[in-house]
Amino acid sequence: MTANPEKKLVSLPQKRYYRQRAHSNPIADHCFDYPAHPDEVNWVEFYPDYGAYPSAKRVEFADVGCGYGGFLVTLSEMFPDRLAIGLEIRVKVSDYVMDRIKALRCQYVGRYRNIACIRTNAMKYLPNYFVKHQLEKMFFLYPDPHFKKAKHKWRIINQALLSEYAYVLKKGALVYTMTDVDDLHKWIVQHMAEHPLFVRLTPEEEASDPITPKLYESSEEGAKVVRNKGCHFLAIFRRI
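Every value quoted in this text rests on a predicted model; they were computed, and no experiment measured them. (Residues numbered from 1 in each chain as written. Predicted model: local features only at pLDDT ≥ 70, side-chain atom pairs only at ≥ 80, totals over all residues. Heavy atoms only, no water.)

1. Examining the UniProt feature "binding site: S-adenosyl-L-methionine" (unreviewed entry) in the protein
Move 1: According to UniProt, the "binding site: S-adenosyl-L-methionine" (unreviewed entry) feature falls on Gly65, Glu88, Ile89, Asn121, Ala122, Leu141, Ser219, Glu220 and Glu221.
Move 2: Position of glutamate 88 among the secondary structure elements: in strand S2 (residues 84–88).
Move 3: In contact with glutamate 88, other than residues within four places in its own chain, are Gly65, Cys66, Gly67, Val93, Ser94, Cys117, Ile118, Arg119 and Thr120.
Move 4: Polar side-chain contacts of glutamate 88 include one of 2.8 Å to the side chain of arginine 90.
Move 5: Residue placement: alanine 122 occurs in helix H3 (residues 122–129).
Move 6: Judged by its relative accessible area of 8%, alanine 122 falls in the buried class.
Move 7: Not counting residues up to four positions away in its chain, the partners in contact with alanine 122 are Val64, Leu87 and Glu164. (UniProt positions renumbered as here; feature names shortened; annotations may be inferred. Helix = DSSP H or I, 4+ residues; strand = E, 2+ residues; numbered from the N terminus. Contact = heavy atoms within 4.5 Å. Polar contact = N/O pair within 3.5 Å; in protein donor to acceptor, adjacent residues only side chain to side chain. Buried < 20%, exposed > 50% of the residue type's maximum accessible area, 1.4 Å probe, protein only.)

2. Regarding helix H7 (residues 220–227)
Move 1: Listing the buried residues of H7 in full gives Gly222, Ala223 and Val225. The arc that holds every buried residue of H7, seen down its axis, measures 160 degrees, which confines them to one face.
Move 2: Following H7 by one or two positions, lysine 229 adopts a phi angle in the positive range, close to 55 degrees. (Arc of directions from axis to C-beta.)

3. Section: helix H2 (residues 91–107)
Move 1: Here H2 contains 17 residues, and its C-alpha end-to-end distance of 24 Å stays within 8% of the 24 Å for a straight helix at 1.5 Å per residue.
Move 2: Along H2, the positions that sit buried rather than exposed are Val93, Ser94, Tyr96, Val97, Arg100, Ile101, Ala103, Leu104, Arg105 and Gln107.
Move 3: Tucked into the core, H2 has its buried residues touching helix H1 (70–78), S2, strand S3 (115–119) and H7. (Expected span 1.5 Å × (residues − 1).)

4. Details of the packing of H1 against H2
For any two helices packed against each other, one specifies the inter-axial angle together with the distance between the axes.
Move 1: H2 packs onto H1 with a crossing angle of 35 degrees between their chain directions and a minimal axis gap of 10 Å. Where H1 crosses over H2, the two elements pack in a sense that is right-handed. Every residue of H2 that contacts H1 at Gly70, Leu72 and Val73 is listed here: Val97, Arg100, Ile101 and Leu104.
Move 2: The residue inventory of the contact of H1 with H2, partitioned by class, reads 5 nonpolar, 1 polar and 1 charged. (Axes fitted to C-alpha atoms, helices over the stretch in contact; angles between N-to-C directions. Left-handed = near helix turned anticlockwise from the far one by under 90°. Nonpolar A, V, L, I, M, F, W, Y, C, P; charged D, E, K, R; others polar.)

5. What about the environment of valine 10?
Move 1: By secondary structure assignment, the location of valine 10 is in the segment before strand S1 (61–64).
Move 2: The class for valine 10 is partly exposed, based on a relative accessible area of 29%.
Move 3: A sequence separation of 95 residues divides valine 10 from arginine 105, and the C-alpha atoms of the two residues are 9.4 Å apart.
Move 4: Excluding residues within four positions of it along the chain, valine 10 makes contact with Ala103, Cys106 and Gln107.

6. Considering the UniProt feature "active site" (unreviewed entry) in the protein
Move 1: UniProt feature "active site" (unreviewed entry): in the numbering of this structure it lies at Asp144.
Move 2: If you trace the backbone, aspartate 144 turns up in the loop between strand S4 (135–141) and helix H4 (159–168).
Move 3: Of the residues examined, aspartate 144 reaches a relative accessible area of 22% and is grouped as partly exposed.
Move 4: Looking at aspartate 144, its side chain comes within polar contact range of the main-chain nitrogen of histidine 146, at 3.0 Å.

7. A closer look at the packing of aromatic side chains
Move 1: The full count for this structure, using the stated rule, is 11 aromatic pairs.
Move 2: Between tyrosine 34 and tyrosine 125 the ring centres are 4.1 Å apart and the planes differ by 20 degrees, which places this aromatic pair in the stacked class. You can see tyrosine 34 sitting in the segment before S1 and its partner tyrosine 125 sitting in helix H3, a full 91 residues away along the chain.
Move 3: Relative accessible area serves as the criterion here: at 43%, tyrosine 34 is assigned to the partly exposed category.
Move 4: Linked through ring pairs, Trp43, Phe46, Tyr47, Tyr50 and Phe130 together constitute an aromatic cluster.
Move 5: Its guanidinium or amino end placed over the ring of tyrosine 108, arginine 111 lies 5.1 Å from that ring's centre, counting from NZ or CZ.
Move 6: Against the face of tryptophan 187 rests arginine 155, its NZ or CZ located 4.8 Å from the ring centre. (Phe/Tyr/Trp six-rings, centres within 6.5 Å; stacked < 30°, edge-to-face > 60°. Lys NZ or Arg CZ within 6 Å of the ring centre and 35° of its normal.)

Structural data, given as structure tokens:
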């Protein structure tokens, strides 16, 4: 077998050193550094080639609650000329994603330079990073279901936040949601259907989207559901 001359021998981080509890209270006062305005974000810190893009080039894809970054890596491979960001609230998990991207960039020179991860709370600070109508795609893959009724306000999809998501999304942008919890799926569909700025795609439109097949196994949570022979509940919405 011929060795890949572009690949360097740099080990990927091991998850066992980045373990953290699965649940996090998004309403609690976590310690975050965040910009006062999107113009204050130093994107060169996250994307080494950011200065080489046209001045109008901005982050267009956001994976909210990106977990260990599996789907983020898939986005990099599918859309090498688009900038994608992963947003993760858990400190050790976000550290893993950052280290994983660094290792991949060393292993495959010139690749994976269009993805990055920020530790932040998307429920609080999304407008601090993105201007109005900036994002083309948002992903909410296997979000924490917060089963107890008293904690439903912690769910990443809720009526109070949907207007904020609509603010940062372009007209015609897509919101992808996937979960293995039927109750959460119904909650998401109900709240997004009730919002005047979102409409659900038809099953035919969902099936024809080239991203749809990747939603099932690209993320670590999705792969786990497949291994356990669980159910996937998909819903994609357009920002109108």
